[in-house]
Amino acid sequence: MTESHWLLTGILAAAAFAIRLTGLLAGNAIRRSRLAPLLDDLPGLIVVALVAASLAGQPVLTWLAAAAALAAAWKTNNVVATMLVGAAVFAGLSMTGF
């Protein structure tokens, strides 16, 4: 390898290390901030945002299945049961021609 290849490799290695170090330092700073308790709720908020965005413009059938899935999630607190209920309601209503 030429000298320019070694130089490029060194620069890329330093950049990768700097990115990881910056992420580590930023993560530690966020954990110590007053916003840290919000991080516990973030995964759930992201799921709600994704579901809400996917329901926009959908027919009533989809909304009914989503409502049934929400009720199942609230009652059982079980992800698999929630998915099964939502899929079953959607399939059942689709088969009845709703």
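Predicted model, so just to flag it, every value in this text is computed and none were measured. (Residues numbered from 1 in each chain as written. Predicted model: local features only at pLDDT ≥ 70, side-chain atom pairs only at ≥ 80, totals over all residues. Heavy atoms only, no water.)

Close contact between helix H3 (residues 60–76) and helix H4 (residues 79–95) brings their axes to 8 Å; oriented N to C, the two are set at 150°. By the criterion of interaxial angle, the relationship of H3 to H4 is roughly antiparallel. Read as a crossing pair, H3 and H4 show a hand that is right-handed. Across the interface between the two elements, Leu-61, Thr-62, Leu-64, Ala-65, Ala-68, Ala-69, Ala-72, Ala-73 and Thr-76 from H3 touch Ala-81, Thr-82, Val-85, Gly-86, Val-89, Phe-90, Leu-93 and Ser-94 from H4. Grouping the amino acids of the contact of H3 with H4 by side-chain chemistry returns 12 nonpolar, 5 polar and no charged. (Axes fitted to C-alpha atoms, helices over the stretch in contact; angles between N-to-C directions. Helix = DSSP H or I, 4+ residues; strand = E, 2+ residues; numbered from the N terminus. Parallel < 35°, antiparallel > 145°, perpendicular 65-115°, else oblique. Left-handed = near helix turned anticlockwise from the far one by under 90°. Contact = heavy atoms within 4.5 Å. Nonpolar A, V, L, I, M, F, W, Y, C, P; charged D, E, K, R; others polar.)

Of note, Asn-77 is a non-glycine position whose phi angle comes to about 55°, a positive value. Secondary-structure assignment places Asn-77 in the loop between H3 and H4.

So, about the confidence of the model for the protein chain. With 100% of its residues at a pLDDT of 70 or more, the protein chain has an overall mean of 92. Of all secondary-structure elements in the protein chain, the lowest mean pLDDT belongs to helix H2 (residues 36–55), at 86, while H4 reaches the highest, 95. (pLDDT = per-residue confidence, 0-100.)

It is worth spelling out H2 at this point. The end-to-end C-alpha distance of H2 is 30 Å, a good match for the 28 Å that 20 residues give at a rise of 1.5 Å each. Its maximal kink placed at Leu-42, H2 deviates by approximately 45°, while the proline Pro-43 follows within four residues. Two residues or fewer past H2, Gly-57 is found with a positive phi of approximately 80°. (Expected span 1.5 Å × (residues − 1). Bend = angle between axes of the 7 residues up to and from the residue.)

A cluster of nonpolar side chains, namely Ile-30, Leu-39, Leu-42, Leu-45, Ile-46 and Leu-50, defines an oily patch on the protein surface of about 560 Å² accessible area. A total of 5 residues in the nonpolar patch trace back to one element, the largest contributor, which is H2. With relative accessibility at 45%, the residue Ile-46 sits in the partly exposed group. (Patch = residues over 30% accessible without salt bridge, like charges linked within 9 Å, V, L, I, M, F, W, Y side chains within 5 Å. Areas by Shrake-Rupley, 256 points an atom, 1.4 Å probe, with all protein chains shown as cover. Salt bridge = Lys/Arg side-chain N within 4 Å of Asp/Glu carboxyl O. Buried < 20%, exposed > 50% of the residue type's maximum accessible area, 1.4 Å probe, protein only.)

In this structure, the largest pocket spans a volume of roughly 560 Å³. Val-51, Ala-66, Ala-69, Leu-70 and Thr-82 are, among the 20 residues lining the largest pocket, the residues nearest its centre. Going through the elements one at a time, H2, H3 and H4 are the ones with two or more residues in the lining of the largest pocket. No other element matches H3, which puts 8 residues into the lining of the largest pocket. (1 Å grid on protein atoms, 1.4 Å probe; cavity = no way out; pocket = protein on both sides within 12 Å on 5 of 7 lines; lining within 4 Å. Points joined across faces, edges and corners; volume = space filled by probe spheres on them.)

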